[in-house]
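# Residue-level structural notes
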Amino acid sequence: MTVHSVDSALLDTTEFLDHDSDTVRDFVAKALPTGVEGLSDIDRALALYYAVRDGIHYEVYGADLSRHGLKASSTIKRGMGFCVHKSILYAAALRAVGVPSRIYYGDVRNHLASPRLEELMGGKVFTFHSLTTAYLDGKWVRATPVFNKMLCTLYKIKPLDFDGRTDSMYHPFDEDGRRHMEFLRAHGDFDDVPYDMVVDGIRAAHPRLFEGRDTTAKGSLVLDATQA
């Protein structure tokens, strides 16, 4: 792929988008078992999208928000993470196959959080919700490989698909027509993870979510759903 109108640095390895690691390379290879040859950028982006969405479990509880914990390779090794982790992983995987990527952050109002999570978050507004932007077919598109299909079934949320050509962001309503997610404030797109801004921002807005300096409270979104 030839990058025409974007900075080639958007293919670089970074501290967090460590796609030069064996762990990320192996993850990408498994998502693209036939290799990258003969596949378009969109084909590669879609295969990686679903590998991140459904291959990495979405979990807010017990999350590691240390610098090491936010590396793409660390998320693969743990097999879980929430939007911040999974968006970093997807951005790294895209760069690994020659697709420029950035990371987007914004504040959202989530109307369908479990009572326990809402208590820990201090309400329905979640700060620094994260997704990935990819440069495909000559333009930037947004993709949210966050809630895996199994969790969507439990929470009666429509799984987000991605076609590589149009933005894939949270549906505003769930399967029963209830309001789900509203985007309230954009923090913007970033070439790399603005670590202090994001983690300090989450910690300041949601202090009860943290059990330790860089770790969130123990629990399970699956258990929250089944006990609701």
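Residues numbered from 1 in each chain as written. Predicted model: local features only at pLDDT ≥ 70, side-chain atom pairs only at ≥ 80, totals over all residues. Heavy atoms only, no water.

### A closer look at the sheet that holds strand 5 (residues 139-143)
- Strand order in the open sheet formed by four strands is 5-4-3-6, with antiparallel pairing between adjacent strands. Both outer strands of the open sheet, strand 5 and strand 6 (181-190), are each paired with one neighbouring strand and no more. Averaged over all pairs of adjacent strands, the angle between their axes in this sheet comes to 35°, without regard to strand direction.
- Sheet analysis places strand 4 (residues 125-136) next to strand 5, joined by five bridges and oriented antiparallel. The partner of T133 across the bridge, within strand 5, is R142.
- Of the strands in this sheet, strand 3 (101-110), strand 4 and strand 6 are in contact with helix 7 (residues 195-205), which crosses strand 4 at around 155°. (Pairing = 2+ DSSP bridges. Helix = DSSP H or I, 4+ residues; strand = E, 2+ residues; numbered from the N terminus. Axes fitted to C-alpha atoms, helices over the stretch in contact; angles between N-to-C directions. Contact = heavy atoms within 4.5 Å.)

### Side note on the packing of helix 1 (residues 22-31) against helix 2 (residues 41-55)
- The geometry of helix 1 relative to helix 2 is characterised by a closest axis approach of 9 Å and an angle of 110° between their N-to-C directions. Compared by their axis directions, helix 1 and helix 2 come out roughly perpendicular. For helix 1 against helix 2, the interelement crossing comes out right-handed. Facing F27, V28 and A31 of helix 1, the residues of helix 2 in contact are A47, L48, A51 and V52. (Parallel < 35°, antiparallel > 145°, perpendicular 65-115°, else oblique. Left-handed = near helix turned anticlockwise from the far one by under 90°.)

### A look at helix 7
- Listing the buried residues of helix 7 in full gives Y195, V198, V199, G201, I202 and R203.
- On the buried face of helix 7, the contacting elements are helix 4 (83-96), strand 3 and strand 4. (Buried < 20%, exposed > 50% of the residue type's maximum accessible area, 1.4 Å probe, protein only.)

### What to know about unusual backbone geometry
- One non-glycine residue, F128, lies in positive phi territory at about 55°.
- Residue placement: F128 occurs in strand 4.
- For F128, a relative accessible area of 7% puts it in the buried group.

### So, the environment of I42
- In this structure, I42 sits in helix 2.
- Sequence separation between I42 and R165 is 123 residues, and the spatial gap between their C-alpha atoms is 8.0 Å.
- Excluding residues within four positions of it along the chain, I42 makes contact with L136, D137, D163, G164 and R165.

### Structural notes on the packing of helix 2 against helix 4
- Remark: helix 2 packs on helix 4, axes separated minimally by 10 Å, with the N-to-C direction vectors making an angle of 150°. By the angle between their axes, helix 2 is roughly antiparallel relative to helix 4. Crossing of helix 2 against helix 4: the hand is right-handed. The segment helix 2 lies against helix 4, with A45, L48, Y49, V52 and R53 engaging K86, L89, Y90, A93 and L94.
- The residue makeup of the contact of helix 2 with helix 4, split by class, is eight nonpolar, no polar and two charged. (Nonpolar A, V, L, I, M, F, W, Y, C, P; charged D, E, K, R; others polar.)

### A look at the pattern of salt bridges
- For the structure shown, the criterion picks out 12 salt bridges.
- E15 is the partner of R67 in a salt bridge, and the nearest nitrogen-oxygen pair spans 2.7 Å. With R67 in the loop between strand 1 (57-58) and helix 3 (72-78) and E15 in the segment before helix 1, the pair connects residues that are 52 residues apart, well separated along the chain.
- Note on R67: relative accessible area 36%, which makes it partly exposed.
- Put simply, R53, D54 and D161 are held in one network by salt bridges that share partners. (Salt bridge = Lys/Arg side-chain N within 4 Å of Asp/Glu carboxyl O.)

### So, the packing of aromatic side chains
- This structure, assessed with the given rule, holds eight aromatic pairs.
- Seen in terms of ring centroids, Y49 and Y50 are 5.0 Å apart; in terms of plane orientation they differ by 85°. Their pairing is edge-to-face.
- Its relative accessible area of 0% is what places Y49 among the buried residues.
- Judged by relative accessible area, which is 27%, Y50 ranks as partly exposed. (Phe/Tyr/Trp six-rings, centres within 6.5 Å; stacked < 30°, edge-to-face > 60°.)

### Focus on the nonpolar core
- Residues Y58, I88, Y90 and L117 are the most contacted members of the largest nonpolar core, which totals 67 residues.
- If one sorts the elements of this core by residue count, helix 4 sits on top with nine residues.
- Those residues in contact with Y58 that sit more than four places away from it in its chain are G81, F82, C83, K86, V146, F147, N148, L151 and L221. (Core = buried A, V, L, I, M, F, W, Y, C linked by side-chain atoms within 4.5 Å.)

Any link to function would need more than the numbers given here.
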